[in-house]
Amino acid sequence: MKRLSHPIAGGALLVSLLVPVTSAAADPEPRPHRTPPVREFGNGPERNSAASPGRELAAQLKARGAGAHYGHARTEGYPRQTKLPEPPVNPDDKSIKLGLMPYHGIAPKLNALQKASDRVSVEVIGRSHQGRDLYLVTVTAPESRGEAARQERMREEIENHPAKAARDPQIKRSYKAPLFVNNNIHGNEWEGTDAALRVIERLATAKDAATTKLLGSTRLYFNVTANPDGRAGGVRANAAGFDLNRDFITASQPETRAMRQVMIDTQPLMMIDLHGYVNGTLIEPTTPPHGQNYEYDLFIRNTYANGLNMEAAIKALGYTPDRDGVQPPQIPFRDWDEGWDDWPPIFTPQYAPFHGAVASSTVEIPLRVNNADYTNLPVDELRRRSKINTAVAEAAISSTVSFVGQRRTSLIADQIEVFRRSAAGERQRPAPAGWVPGFGPEDVYTTRFPRAYVIPAGTGQRSATAAARLVDHLIANDVRVTRATRGFRLGGTAYPAGSYVVDMHQPKRGLANVMLEAGGDITDKVDAMYDISGWSHAYLWGATVTPVTSGDLRGVPAREVKAAAPTGYVAPTGDLALRLDDAKDVTALNALLDEGVKAAWADDGTAVIPASARAAARTMADRYGVRFERAAAKGAAPLRKLRVAAAASSDDAFSLQEMGFDVTAVSTATLNAGFDWSGVDVLYVSSGLSYAQLNEQARTALNAFLAKGGVVGRGSTGASFNSAAGLLTATSVAGRSDANGVVAVSNSGGALTSRAPGASFVYSPRWFTGLGPEVTVEQRYAAQGPLISGHWRPNADGTGGQNAAAGQATVIRGVDERGAAVALFGTEPLFRNHPKGMFAQVARSLHWSAVTAGRRQGTR
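Residues numbered from 1 in each chain as written. Predicted model: local features only at pLDDT ≥ 70, side-chain atom pairs only at ≥ 80, totals over all residues. Heavy atoms only, no water.

(A) A look at the overall build of the chain. For the chain, the helix and strand inventory stands at 28 helices and 34 strands. Expected size for 860 residues packed as a compact globule is a radius of gyration near 29 Å; at 27 Å, the chain falls within 12% of this value. The C-alpha extent of the chain, read off along each of the three principal axes, is 85 × 70 × 55 Å. The proportion of buried residues among the 860 residues of the chain is 62%. The long-range share in the chain, meaning contacts at least 24 apart out of those at least 6 apart in sequence, stands at 79%. Summed over its atoms, the accessible surface of the chain is roughly 29800 Å², and 51% of this surface lies on carbon and sulfur atoms. (Helix = DSSP H or I, 4+ residues; strand = E, 2+ residues; numbered from the N terminus. Rg over C-alpha atoms; globule rule 2.2 N^0.38 Å. Buried < 20%, exposed > 50% of the residue type's maximum accessible area, 1.4 Å probe, protein only. Contact = heavy atoms within 4.5 Å. Areas by Shrake-Rupley, 256 points an atom, 1.4 Å probe, with all protein chains shown as cover.)

(B) A look at the environment of His275. Within the element layout of this structure, His275 appears in strand S5 (residues 270-276). Linking His275 and His186, residues 89 residues apart in sequence, is a C-alpha distance of 7.1 Å. Excluding its chain neighbours within four sequence positions, the residues that come into contact with His275 are Ile185, His186, Glu189, Asn245, Thr362, Val363, Glu364 and Ile365. Looking at His275, its side chain comes within polar contact range of the side chain of Asp273, at 2.8 Å. (Polar contact = N/O pair within 3.5 Å; in protein donor to acceptor, adjacent residues only side chain to side chain.)

(C) Representation of the packing of aromatic side chains. Counted by the stated rule, this structure contains 24 aromatic pairs. Ring centres of Trp190 and Tyr374 lie 5.7 Å apart, and the angle between their planes is 25 degrees; this geometry places the pair in the stacked category. Taken together, the residues Trp190 in the loop between strand S3 (177-183) and helix H7 (191-205) and Tyr374 in helix H15 (residues 371-376) connect sequence positions 184 residues apart. Taking relative accessible area as the criterion, Trp190 reaches 1% and is therefore assigned buried. Residue class for Tyr374 comes out buried when judged on its relative accessible area of 14%. (Phe/Tyr/Trp six-rings, centres within 6.5 Å; stacked < 30°, edge-to-face > 60°.)

(D) Main features of the side chain of Asp324. Topologically, Asp324 is positioned in helix H12 (residues 321-324). Reaching out from Asp324, the side chain makes a polar contact with the side chain of Arg323 at a distance of 3.0 Å. If we skip the residues at most four places from it in the chain, Asp324 touches Gly318, Tyr319, Leu367, Arg384 and Ile388.

(E) Spatial organisation of the sheet that holds strand S17 (residues 569-570). Read across the open sheet, the six strands follow the order S17-S21-S18-S20-S19-S22; overall the sheet is mixed. What marks the edges here is a single partner per strand, and that holds for S17 and strand S22 (637-638). In this fold helix H21 (residues 583-594) packs onto strand S18 (576-579), strand S20 (606-609) and strand S21 (627-630), with an angle of close to 135 degrees to the strand it touches most, S18. (Pairing = 2+ DSSP bridges. Axes fitted to C-alpha atoms, helices over the stretch in contact; angles between N-to-C directions.)

(F) Spotlight on the nonpolar core. With 148 residues, the main nonpolar core has Leu110, Tyr135, Val137, Phe222, Ile397, Leu474 and Val502 as its most contacted residues. Element by element, the count of residues in this core is highest for helix H16 (residues 379-406), at ten residues. In contact with Ile397, other than residues within four places in its own chain, are Val181, Asn183, Gly192, Ala195, Ala196, Val199, Phe222, Ile272 and Leu274. If you look at the next biggest cluster of nonpolar residues, it comprises 54 residues, including Leu593, Val712, Ala751 and Leu752. (Core = buried A, V, L, I, M, F, W, Y, C linked by side-chain atoms within 4.5 Å.)

(G) Structural view of the packing of helix H3 (residues 103-116) against H7. Where H3 contacts H7, the axes come no closer than 11 Å and their chain directions differ by 10 degrees. In terms of their interaxial angle, H3 and H7 are classed as roughly parallel. Contact residues: Ile106, Lys109, Leu110 and Leu113 in H3; Thr193, Leu197, Ile200 and Glu201 in H7. Per-class residue counts for the contact of H3 with H7 are five nonpolar, one polar and two charged. (Parallel < 35°, antiparallel > 145°, perpendicular 65-115°, else oblique. Nonpolar A, V, L, I, M, F, W, Y, C, P; charged D, E, K, R; others polar.)

(H) Layout of the pairing of strand S31 (residues 775-781). Most of S31 is tucked away, with five of its seven residues classed as buried. Across five bridges, the pairing between S31 and strand S33 (residues 809-815) is antiparallel. In the strand pairing of S33, Gln779 is matched with Val811.

(I) Quick peek at the sheet that holds strand S15 (residues 546-548). Taken in spatial order, the five strands of this open sheet run S15-S10-S14-S11-S16, and their pairing is antiparallel. The open sheet has two free edges, formed respectively by S15 and strand S16 (558-560), since each of these has just one partner strand. The sheet shows a mean angle of 30 degrees between the axes of neighbouring strands, taken without regard to direction. Packed on one face of the sheet, helix H18 (residues 464-476) meets strand S10 (452-455) and strand S14 (500-503) and runs near 140 degrees to S10.

(J) View of unusual backbone geometry. With omega at 10 degrees, the peptide bond leading from Tyr78 into Pro79 counts as cis. The backbone of Arg832 shows a phi angle near 50 degrees, a positive value even though the residue is not glycine. Topologically, Arg832 is positioned in the loop between strand S34 (821-825) and helix H28 (839-857). With a relative accessible area of 5%, Arg832 lands in the buried category. You will see that Asn833, though not glycine, has its phi angle at about 65 degrees, which is positive. Relative to the helices and strands, Asn833 resides in the loop between S34 and H28.

(K) Structural detail: the pattern of salt bridges. Taken as a whole and assessed by the stated rule, the structure comprises 53 salt bridges. In this structure, Arg219 and Glu143 form a salt bridge, with 2.7 Å as the shortest nitrogen-oxygen distance. Linking Arg219 in strand S4 (residues 218-223) with Glu143 in the loop between strand S2 (133-139) and helix H4 (145-160), this pair joins segments that are 76 residues apart in sequence. Per residue, the accessibility class of Arg219 equals that of Glu143, and both read buried. Note that Glu157 and Arg153 form a salt bridge whose closest N and O atoms lie 3.1 Å from each other. Residue Glu157 and its partner Arg153 are located together in helix H4, separated by four residues, close to a single helical turn. (Salt bridge = Lys/Arg side-chain N within 4 Å of Asp/Glu carboxyl O.)

Structure below.
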C-alpha cells in the first residue's frame, strides 16, 4: 500500500484542478465568443484536412513572411534557422509582472541565440488560436543533409521495421536520442518557458567536452510556449477557452495539433511537460489506474527512474520549507494511493507514449503565482516565487537532458521494443510485483487487442461522413488505415468494397486501440478519478466501428490510404434531403442558409433543399463530404440561419460556432445590463445564467422572448433555468458529480434523436422525472447498467448511481403553456468538442425549437 502523506490529500485535493472544465462552477460567466473559431486549414474541403496540415501551414507562413516552415524536409540538415518575425511589444503581457519573459520577448531571444550558435535551430510549427507563432527550438550538434537523412532513415526503421532496428549496429552507435520538452501548455503556469530558454542558452554556448558529446548523440526539442495566448493573457486556457492539456485525442485546437505533429515527427524517447503549482514539486509517474494500452513495464521503469533523477536534482537546489516555503518533491506513484492517475490519454505525457516515448512526466513546480495570488501578492513576493519556480523547472529539464544522455542506448532499445511488440501483435507483458520499488498488483492494467477494426462502407455504416472524419483523424494521429478494393470476409463477417481496415499489427496499435476500443469500466478500481474516464471514438464520433477478434488479413484486398475517400453525393433530380445526422451535415446546412438557400425543416430532423439549389449543394457536398439524397416529401416549415444567444461553456460555444451557428454570448451580467432580444431565435443555456439573479427589467425582457422563442438547456445550469423560468414540467435528478464516461442510450426516433448513435457521453450525469403531459422523451439511459466505460459510483447515501439512472429520460423536449419550445439535455453532447456523433442532436434541438416556436407564433 502506498502512502497518502502528501500535503494536498483529503479535503484539499487540488480543488482548482479537479473542477470539471465543462462545469458551470468552473466558469460562472462565460467568456465572449464574438468570432468563429480559427481554422488553420482554411476553407477548402474539410474531410481530408486533418491528414495533411503541412501544405496549409506552409502557405500561411509564407504569406506572413515567417521564413522557414515546419514539417517538410525531415532530411534537411541542422541548423535549420529561421529569422522569426518579432511581434510588437505588449506592455499588458501578464508575464512581465512576475519578472518573466513576455511573449513578445521570445522571438528576439531566439533570433539572437540562432545568430550566436549553430547548435540552435528554430522553426515555426503553427499558430495559436489568436494567431501567435508557436516556436520549436532544436538543440543538437550541426548535421549535414546526408547526416540528417541517415538520422531520418534510422528513425523510420525504428518505427516501421523494429525487429530489424533491434539488430542494426548503426542505430545503437549513432542514432541521436530525441527528447521533447513541452512548456507553458497552461498559460498561467509560466516558468517552464523561462527555464527552457535558460537551458537552451547554456547548451548553445557551453564549450565543455560533456556538452559537445551530449549534443553529438541527442536531439533536444523545446516547445518554448505551447499556449502563447494564455501566457500573455495570464489564463490557463487558450483564447478559445480550451484547456489544451485535455485535448490530445480530440485535437480541436491548433496548438494541440502542432504539438501532435512534433511528437509524430520527432518520435521522442522521453518527454516532460512543465506545469504549476503543487508544493512540493509533483513529479510523475502517477497513481493507478494506469492506461491499459501502454507497454507499461517499459514505461514505468524509465519514468520512475527519471522521476527519482529529477527529484534528486530539485533537492540539490537546497530550498527548504522554513526558509523558502518550498516542500520536498513528491512522486504520486510512490507517495499516494490514488488521485493523480494516467488513465485517460488526453494529457501531453499520456499521449506521447503512443508515439514512442518510453518515459514521460508532468512536473508541477511548487510556488503558486497565478489566479488570486497573482492579483493579491506583492510584486516582490511574486518575483521571489517565480525565481524559485524557474530554478526548479530548470533543474527538472537539465536532469532529464542528462538522463537521456546517460541512458541513450537502453532508451532506444525500449522504444524499439514497444514498436516491435505492437507490429508483431504480441500480448502486453504485465510487470510483476516489485518490477520497480512499490509496483504491485494494483498497478497492473492491460487489455486484449483485437486483430483489427473495420469501419464498414455502404449500408452497414451509420454515417459515411462520420466514418471519413474518423479515418482522417486516425491518419492524422499516424495510425495506419487501409481501404478494401473489393468485398471481403473477416472474422466470419462479410464487408463491402470501400470499407476501412485498421490492422492492429502496427507500430502504433496502442493509439489505434485507445481511440477505437470501448474502454473500461473502472468504477470499482478507485474511489475518484483525476479527470475523464471514458472517451471512445468508436462510440462517440458517429461512425460504425467493428472490432474483429481473429482472422487472416492477408486475404483482405486493401491499400493503405493517406486520406479518406470523398463521401459527398448529390441526387441528380428532384428536391434534396440533407439528413442532419452529423456535425458536417449541420455545417453544410448553415452554409447553404448563409447563401440564401430556401431550405425547409422536416419533422424527422431532415432539411429539405429545393432542386434550384443543386449547384450550391454540390459545392457543400464536395467541401464537407455530406450526402444530399432525393427528398421523399416537402419540408414542413421554412428554415433560416439561426441567431443563438448562448450562456455557454467555452466548449459548447466553440462547437456551436464550428457548426456554423451565429452565436452571441450572454450571461446573467449581460442580460442585467440590458440585452436586445430582437433577432434572437434560440436561447442556449449551459453555463453562467441564473434566472433567479436577473433584475426585473432583464426578467421582463427574457419572458417576452420566451413567449415566442426557443430554449435549449444542458446540464445543471440548463435544468435550473428550466425550473426557475417555469418552462417544462420536469424534475432534474443529479448523478454523482464526478461520474463520467460513455453510456448506452435508447433513442425514441423523434425529431432530435432519430438515427442517433446508441451511446452518449456524460459528466455529472442528469436525468428527468415527474414529466408533464407536454413533455416528449427523446432519449433514455439504457435499462440495464448504462455505463459502457468510465467511472460512475453512487453518492455516499446510495443516490446518484448508474442503477438509479437506468431507463430514465436524459433528453426531453416540449412546448410550455406560453409557447416556448424547450429541449433539455442531461448528457454532455458537446463536451470539449469531443463526442462528435452527438453534435447533431444539439443542432436539431436548436432548429426544432426555433421552428416549433415560430409555428406557434405564425412568424416563420
